[in-house]
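Observations on the model geometry
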Amino acid sequence: MTQLTLLPDRGLPHDDAAAPVHPRGSRARVLLTSVFGPYARDDEYGSRKMNPMELYQNQVTRTQGPFSLRMFHRSWGLMLIQANLEAPCTVLDFPTLDRFIEELRTRQYEVIGITSIVPNMVKVQTMCELIRRYQPGATIVIGGHIANMPDLADRIEADHIVRGEGVRWFQRFLGEPDDQPFRHPLIQSGFGTRNMGVHVGERPRDTAAAVIPSVGCPMGCNFCSTSAMFGGKGKFVNFYDSGDELFHVMEQLEQQMGVQSFFVMDENFLLHRRRALRLLELMQERGKAWSLYVFSSANVLRSYTIEQLVGLGISWVWMGIEGKDSQYSKLDGADTFELIGQLQSHGIRVLGSTIIGLENHTPENIDEAIEYAARHSTDFHQFMLYTPISGTPLYAELTAQGRMKDESEYEQCDIHGQEYFNYRHPHIPPGEEAKYMLRAFNRDFERNGPSVVRIIRTTLAGWKRYKNHPDPRIRRRFAFEAKSLPLTYPAAVKACQLYYRDNPAIQAQMSRLLADLYAEFGFKTRLAGELGGRWLLRRVRKEEKRLAEGWTYEPATFYDRNPAVTDNPAAQLCQWAEPREAPVGTPA
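Within each chain, residue numbers correspond to sequence positions counted from 1 in written order. Given that the model is predicted, a residue must reach a pLDDT of at least 70 before its local features are reported, and side-chain atom pairs must reach 80 or more before they are shown or counted; all residues, however, enter totals for whole chains, interfaces and linings. As a rule here, side-chain values cover all heavy atoms of the structure and leave hydrogens and water aside.

Moving on: the overall build of the chain. Strands are runs of DSSP state E lasting at least two residues, helices are runs of H or I lasting at least four, and both sets are numbered from the N terminus onward. A count of helices and strands for the chain gives 20 helices and 20 strands. Throughout, radius of gyration means the C-alpha value; the globule benchmark is 2.2 Å times the number of residues raised to the power 0.38. Here the C-alpha radius of gyration of the chain, 24 Å, is about what a compact globule of 588 residues would show, namely 25 Å. If one aligns the C-alpha atoms of the chain with their principal axes, the spans along those axes are about 70 × 60 × 45 Å. Burial classes follow relative accessibility: with a 1.4 Å probe on protein chains only, a residue under 20% of its type's maximum area counts as buried, one over 50% as exposed, and anything between as partly exposed. Out of the 588 residues belonging to the chain, those deemed buried represent 62%. Here a residue-residue contact requires only that any non-hydrogen atoms of the pair lie within 4.5 Å. For the chain, contacts bridging at least 24 residues in sequence account for 77% of all contacts bridging at least 6. Surface accessibility follows the Shrake-Rupley procedure with a 1.4 Å probe radius. Residue values consider only the protein chains on display as shielding. Counting every atom, the chain has about 22,700 Å² of accessible surface; 50% of that belongs to carbon and sulfur.

What follows is the structure in structure tokens.
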């Protein structure tokens with residue numbers, strides 16, 4: 001698990017609702033920080049090499065070696081809080097331990113906030129101890145998923161533990177108005193992107209901006225810590241209630257960041273139908289050829305026509321498949337094979353998500369469950385262990401049944417959804433779960449090949465279907481997404497074909513895709529594939545060797561200040577999109 005979903009809440013009860021206003025109010029100097037690194041190594045602070053600060057390598061493309069998508073994401077929740085405070089606020093994101101200590105020794109703060117997930121408990125404990133040593137007068141605030149732990153106050157030395165709330169809590173704590181529209185920070189969705197041994201360029205137009213319309217998920221799946229953190233089943237919090245508000249924010253991000261695509265950080269964006277359809281209406285009126293990367297459940301996707309999805313710019317969707325015969329309502333009656341095939345045929349890339357270790361999984365049927373997932377042929381596939389996280393209904397249920405393990409039987413830092421159960425599974429013996437996880441990742445990779453090639457296949461399908469669409473807005477969007485098809489992508493496919501020369505099934509897939517690309521784009525594409533593919537294969541082999549020797553990737557440290565910080569020019573000035581109360585049109 002990474003810290004991608006550590007986002008602030010609005011208007012929900014929290015563990016510290018009655019916190020008094022800080023004595024210095026809006027003059028208090030605030031430091032917001034993520035837990036310290038390095039992350040991708042085994043150490044005494046709970047870092048784990050198999051649990052890096054990389055969402056895709058961590059739980060999606062984990063066994064794809066040099067073909068794995070390597071990418072980091074900022075702590076978006078900290079950035080959102082900072083953008084909405086009048087008090088001087090500095091964000092220290094991904095510091096090393098030495099860098100965190102340096103900050104405590106050289107700058108004075110009245111309030112220090114730390115965001116974390118449960119596996120980083122030891123790091124939070126250590127950081128609290130360091131704050132008490134170097135800045136004993138500072139107020140310590142802990143938030144993020146770790147705040148779901150009911151006994152957290154007994155484990156760490158902090159002044160306030162904030163469960164769920166972020167922006168509004170800090171505004172109230174600092175005596176600032178908590179009823180103003182939200183400013184949205186300018187967030188590049190990912191950085192440090194690397195694939196096939198090549199660092200991918202991050203020019204503004206080629207990188208998505210992150211946009212956060214809502215938090216929480218009313219679906220309320222029993223294992224979901226995000227849903228639990230924001231109120232559970234039926235609960236969600238909108239930062240932007242209308243399509244007009246959201247469109248205005250996205251338009252500002254487009255203008256200020258030079259982007260055309262948006263990673264929509266919302267657990268089930270399309271569930272908010274009125275807002276989504278109003279956004280579509282405004283995109284059509286203003287001729288916006290935006291691409292949207294969204295999360296959505298299967299049944300919500302089925303409630304839209306394919307024309308609506310394409311018109312809205314849905315280019316990529318993260319969808320829970322969960323598992324064969326799973327009982328989650330979001331999948332009731334959904335033929336996920338048919339749905340995913342339809343989406344891909346229209347150029348919509350799909351990241352499927354499957355749970356390993358559901359209650360009905362046994363050593364005898366686990367391979368059938370894994371094959372069921374792999375047969376979906378999604379562009380990406382996430383696998384996670386069925387894990388009861390503190391605060392979730394599943395955790396409460398298994399605790400009541402006496403099935404949770406004692407903490408002496410495992411280390412908290414190892415409960416990240418990829419290696420160990422923290423409870424007694426009814427059928428899977430202890431220690432076997434890690435083996436099944438690897439089997440799932442490997443089977444998906446063996447059957448479907450590198451995700452980078454799957455993306456190319458889906459992108460080509462969308463281009464061929466929509467390149468002559470009568471709506472110029474649709475044509476522009478697909479032309480933007482297909483810009484790498486004639487030259488860059490053929491080299492990637494050719495490199496994969498050469499790499500898999502001893503794997504007839506995968507090589508056949510590559511050959512068919514190359515033939516389609518060459519037929520569509522002609523001689524220059526063939527030349528780019530044949531020459532570029534051989535160059536790229538050398539980069540793949542070099543990357544493969546580096547990884548085999550133990551190479552890991554770590555995120556850069558970020559140091560940002562808001563405009564109220566006037567004594568720290570070393571920190572980059574944060575920027576945001578201003579809220580707009582007046583609608584840009586008549587809401588649907």
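Backbone torsion omega between G37 and P38 reads 5 degrees, so that peptide bond is classified as cis. In this model, M196 sits at a positive phi of 55 degrees, which is unusual for a non-glycine residue. Topologically, M196 is positioned in the loop between strand 8 (191-195) and strand 9 (198-199). If you check the backbone angles, S377 has positive phi at about 50 degrees while not being a glycine. Here S377 is to be found in the loop between helix 13 (366-374) and strand 17 (380-385).

What follows deals with the confidence of the model for the chain. Scored between 0 and 100, pLDDT is the confidence that the predictor attaches to each residue. In this model, the chain carries an average pLDDT of 92, and 94% of its residues clear a pLDDT of 70 or more. A low-confidence stretch, residues 1-15 (pLDDT under 50), is modelled with 83 contacts involving residues beyond four sequence positions or located in other chains.

Here a patch means residues that are over 30% exposed by relative accessible area and free of salt bridges, tied together within 9 Å if like-charged and within 5 Å if nonpolar (Val, Leu, Ile, Met, Phe, Trp, Tyr). Salt bridge, as used here: a side-chain nitrogen of Lys or Arg that lies within 4 Å of a carboxyl oxygen of Asp or Glu. On the surface, F523, L527 and L531 cluster together to form a nonpolar patch covering roughly 350 Å² of accessible area. As for its placement among the helices and strands, L527 is situated in helix 20 (residues 523-548).

We now examine the environment of A396. Here A396 is to be found in helix 14 (residues 393-400). In this structure A396 comes out as partly exposed when scored by relative accessible area, which is 48%. Between the C-alpha atoms of A396 and N222, which are 174 residues apart in sequence, the distance is 9.5 Å.

The next subject is the pairing of strand 3 (residues 89-93). Regular strands place side chains that alternate from one sheet face to the opposite one. Of all five residues that make up strand 3, five are buried, and the element is covered over most of its length. A two-sided burial pattern is seen for strand 3, the buried positions comprising C89, V91 and D93 on one face and T90 and L92 on the other. With four bridges joining them, strand 1 (residues 30-34) and strand 3 adopt parallel strand pairing. Following the sheet pairing, T33 is matched in strand 3 by L92. In this analysis, strands are considered paired if DSSP registers two or more bridges between them.

Tallying each qualifying case throughout the model produces 36 salt bridges. Residue R183 pairs with E86 through a salt bridge whose shortest N-O separation is 2.9 Å. Note that R183 is positioned in the loop between helix 6 (167-173) and strand 7 (184-185) and E86 in the loop between helix 2 (76-83) and strand 3, a separation of 97 residues in sequence. On the basis of relative accessibility, which here comes to 17%, the residue R183 falls in the buried class. Where E520 meets K467, a salt bridge forms, and the shortest distance between an N and an O atom there is 2.5 Å. Of the two residues, E520 is situated in helix 19 (residues 504-521) and K467 in the loop between helix 16 (451-466) and helix 17 (472-481); the sequence distance between them amounts to 53 residues. A relative accessible area of 26% means that K467 is categorised as partly exposed.

As a further point, take the sheet that holds strand 1. Ordered in space as 6-5-4-1-3-18-19, the seven strands form an open sheet in which the pairing is mixed. The open sheet has two edge strands with one neighbour each: strand 6 (160-161) and strand 19 (572-573). With four bridges joining them, strand 3 and strand 18 (residues 558-561) adopt antiparallel strand pairing. Counted as the bridge partner of D93 is F558 from strand 18. Only the stretch in contact is used when a helix axis is fitted, and all axes are lines through C-alpha atoms; the angle between N-to-C directions ranges over 0 to 180 degrees. Together, strand 1, strand 3, strand 4 (111-115) and strand 18 form the strand contacts of helix 2, whose direction differs from that of strand 1 by roughly 165 degrees.

With that settled, consider the layout of surface pockets. Gaps left between atoms show up when a probe the size of a water molecule is rolled over them. Here the largest pocket is characterised by a volume of approximately 1,400 Å³. Among the elements of the structure, strand 8, strand 9, strand 13 (261-264), helix 16, helix 17, helix 18 (488-499) and helix 20 are those that each provide at least two residues to the lining of the largest pocket. Top contributing element to the lining of the largest pocket by residue count: helix 16, with five residues. In terms of residue class, the lining of the largest pocket is built from 21 nonpolar, 14 polar and six charged. Here a cavity denotes a set of grid points, spaced 1 Å apart and computed over the protein atoms alone, in which a 1.4 Å probe fits but from which it cannot get out, and a pocket denotes an open set meeting protein on both sides within 12 Å along at least five of seven lines; residues with an atom within 4 Å of a point are reported as lining. Grid points are joined across faces, edges and corners, and a volume is the space filled by probe spheres set on the points. The space that makes up the second largest pocket amounts to roughly 500 Å³. Lining the second largest pocket are 23 residues, and of these M79, L186, I187, Q188 and Q572 lie nearest its centre. Those elements that place two or more of their residues in the lining of the second largest pocket are helix 2, helix 8 (243-257), strand 18 and strand 19. Note that Gly is not counted as nonpolar here; it falls among the polar residues with everything else outside the nonpolar set of Ala, Val, Leu, Ile, Met, Phe, Trp, Tyr, Cys and Pro and the charged set of Asp, Glu, Lys and Arg. Across the lining of the second largest pocket, the residue classes tally to twelve nonpolar, seven polar and four charged.

So, about the packing of helix 18 against helix 19. Packing of helix 18 against helix 19 leaves a shortest axis separation of 9 Å and a crossing angle of 155 degrees. When the interaxial angle is binned, helix 18 and helix 19 end up roughly antiparallel. Here helix 18 runs over helix 19; the crossing is left-handed. Taking contact as the criterion, the partners of P490, V493, K494, C496 and Q497 in helix 18 are, on helix 19, Q507, M510, S511, L513, L514, L517 and Y518. Here the contact of helix 18 with helix 19 is built from residues that sort into eight nonpolar, three polar and one charged. Here roughly perpendicular refers to angles of 65 to 115 degrees, roughly parallel to angles under 35, roughly antiparallel to angles over 145, and oblique to all remaining angles. Left-handed describes a crossing whose near helix is turned anticlockwise from the far helix through less than a right angle; right-handed describes the clockwise counterpart.

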